[in-house]
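Below are the chains, spelled out letter by letter.
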Amino acid sequence: MLRLKRQAAQSPPRERILQAARALFYRDGIHAVSMEAIAAAAGTHKMTLYRHFSSRDALVAAYLEELAAEGEGVWEEARRHHPGDPESQLRYLLRQVSQWASDSSTRGCALANAAVELARRKHPARKVVEAHKRRQRERLVELVRAAGYARPERVADELFLLVEGARVTLQSVGPEGPGARLHALVSELLDSAPKRGAVKA
């Protein structure tokens, strides 16, 4: 059974519960994991778990909110590494995502996995996933536009589909599949996409 590491066991109960839920939900799938299993892995009791999370749905939503927040962090990294340079920020982001795809386990994207599992559109956790993915696409369009591409919505959608596709194929064909070529594919797409005001040869 999964157990938190010794130093993590000294963390506050809410943090331990989220750490355990994160590991179990990702490894086994949301529907396959019981609240009892999460409490045991967190070294606590169901009563404590429900003091911090009013329901199983609330715990799943909190787990996905944490992942979404981490996903937002890479945008801040891009700005810090390349201030005032949208093109470099864009390529940095895509390089980071490509690296994640090549290093990731065959379980792929936890948020995409959750969207598949949570079929009920009004599920609070599904709303977290949908809002995050919409926001990621919107930010990508904004960054592609700021980088000066002639058709920012189209270019952003092509990039978005390549990234999402790479994440999903980790599940079906593993890290040696098409996802392994993600960085090359997105780089070629950007290199061939026209910029505003570019003169055709």
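Placed above this text is the structure.
Everything in this summary refers to the structure shown in the same document. (Residues numbered from 1 in each chain as written. Predicted model: local features only at pLDDT ≥ 70, side-chain atom pairs only at ≥ 80, totals over all residues. Heavy atoms only, no water.)

Comments concerning the overall build of the protein chain
Our working definition: In this description a helix means any DSSP run of H or I spanning at least four residues, a strand means any run of E spanning at least two, and both kinds are numbered starting from the N terminus. Three exposure classes are used, based on accessible area relative to the maximum for each residue type with a 1.4 Å probe and protein chains only: buried under 20%, partly exposed in between, and exposed over 50%. Throughout, a residue-residue contact means that at least one pair of heavy atoms, one from each residue, lies within 4.5 Å. Under the convention used here, a 1.4 Å probe and the Shrake-Rupley method define accessible areas, while residue burial counts only the protein chains that appear. Residues counted as positive are Lys and Arg, residues counted as negative are Asp and Glu, and His and the chain ends are not counted. Here the site of a charge means NZ on Lys, CZ on Arg, CG on Asp, or CD on Glu.
Secondary structure summary: the protein chain contains nine helices and zero strands in total. In sequence order, the protein chain lays out its α and β elements as α-α-α-α-α-α-α-α-α. Taken over the C-alpha atoms alone, the protein chain extends approximately 70 × 35 × 35 Å along its principal axes. Out of the 201 residues belonging to the protein chain, those deemed buried represent 43%. In the protein chain, once contacts between residues fewer than 6 apart in sequence are set aside, the share between residues at least 24 apart is 65%. Entry remark: accessible area of the protein chain is about 11100 Å², with carbon and sulfur atoms responsible for 54%. In the protein chain, which carries 33 positive and 24 negative side-chain charges, the distance between the mean positions of the two groups comes to 3 Å.

Re the packing of aromatic side chains
Stated precisely, the cut-off is as follows: Two aromatic rings, drawn from Phe, Tyr or Trp (for Trp, its six-membered ring), form a pair once their centres lie within 6.5 Å of each other, and the interplanar angle then sorts them: stacked below 30 degrees, edge-to-face above 60, tilted otherwise. As a reminder, the over-ring test applies to NZ of lysine and CZ of arginine, requiring each to be within 6 Å of the ring centre and within 35 degrees of the ring normal.
Taken as a whole, this structure holds one aromatic pair when the rule is applied. Geometrically, the ring pair formed by Phe25 and Tyr63 is tilted, given 5.2 Å between the ring centres and 55 degrees between the ring planes. Highlighted residues: Phe25 in helix α1 (residues 13-28) and Tyr63 in helix α4 (residues 56-81), separated in sequence by 38 residues. Residue placement shows Lys195 over the ring face of Tyr149; its charged tip is 4.7 Å from the ring centre.

Side note on the nonpolar core
Counted only if it meets this: Here, the term nonpolar core denotes a set of buried Ala, Val, Leu, Ile, Met, Phe, Trp, Tyr and Cys residues that are joined through side-chain atoms within 4.5 Å.
Core analysis: the largest hydrophobic core is formed by 31 residues, its most contacted members being Phe25, Ile38, Leu59, Tyr63 and Leu64. Within the residue set of this core, elements represented by two or more residues are α1, α2 (35-41), α4, α6 (110-117) and α7 (124-146). With seven residues, the top contributor of residues to this core is α4. Once you skip the residues sitting within four places of it in the chain, Ile38 turns out to touch Ile17, Ala20, Ala21, Leu24, Phe25, Val33, Leu49 and Leu59. Of all hydrophobic cores here, the second largest spans 25 residues; its members include Tyr149, Ala156, Leu159 and Val186.

A few points about the pattern of salt bridges
Quick note on the threshold: Whenever a carboxyl oxygen of Asp or Glu lies within 4 Å of a side-chain nitrogen of Lys or Arg, that contact is scored as a salt bridge.
This structure, assessed with the given rule, holds 19 salt bridges. Measuring nitrogen to oxygen at the nearest pair gives 3.0 Å for the salt bridge that ties Lys133 to Glu164. Here the residue Lys133 occupies a position in helix α7, and Glu164 occupies one in helix α8 (residues 152-173), the gap between them amounting to 31 residues. Both residues of the pair, Lys133 and Glu164, count as buried. With a closest N to O distance of 3.0 Å, Glu164 and Arg167 form a salt bridge. Of this pair, Glu164 and Arg167 both sit in helix α8, separated by three residues, roughly a single helical turn. Here the two residues Glu164 and Arg167 agree in accessibility, since each one is buried. Connected via shared salt-bridge partners are Glu72, Glu76, Arg79 and Arg139.

A short note on the side chain of Gln89
Its place among the elements puts Gln89 in helix α5 (residues 86-103). Excluding anything up to four places from it in sequence, Gln89 contacts Ala78, Arg79, His82, Pro83, Gly84 and Leu143.

Here's the deal with the packing of α4 against α6
Angle between the axes and distance between the axes are the two parameters that describe a pair of packed helices. Cut-off, in case you're wondering: Structural elements are reduced to axes, namely lines fitted to C-alpha atoms, with helices fitted over the stretch in contact, and the angle between N-to-C directions of any two is expressed from 0 to 180 degrees. Crossings are assigned a handedness: left-handed for a near helix turned anticlockwise from the far helix by less than a right angle, right-handed for a clockwise turn. Lys, Arg, Asp and Glu make up the charged group, whereas Ala, Val, Leu, Ile, Met, Phe, Trp, Tyr, Cys and Pro make up the nonpolar group; the residues left over, Gly among them, are polar.
In the contact formed by α4 and α6, the axes pass within 10 Å of each other and the chain directions differ by 145 degrees. Where α4 crosses over α6, the handedness of that crossing is left-handed. Across from Tyr63, Leu64, Leu67 and Ala68 in α4, the residues of α6 making contact are Ala110, Leu111 and Ala114. Classifying every residue of the contact of α4 with α6 gives seven nonpolar, no polar and no charged.

Things to note about the environment of Ala119
Tracing the chain through its elements places Ala119 in the loop between α6 and α7. Remark: the alpha-carbon pair of Ala119 and Glu130, spanning 11 residues in sequence, is separated by 12 Å.

Points about the packing of α6 against α7
Here is the rule: Our angle categories are set so that under 35 degrees counts as roughly parallel, over 145 as roughly antiparallel, 65 to 115 as roughly perpendicular, and the remainder as oblique.
The contact between α6 and α7 brings their axes to 9 Å, and the two run at 130 degrees. Comparing their axes, α7 and α6 come out oblique. Crossing of α6 over α7 shows left-handed handedness. Facing Leu111, Ala114 and Ala115 of α6, the residues of α7 in contact are Arg126, Val129, His132 and Lys133. Of the residues contributing to the contact of α6 with α7, the split by class is four nonpolar, one polar and two charged.

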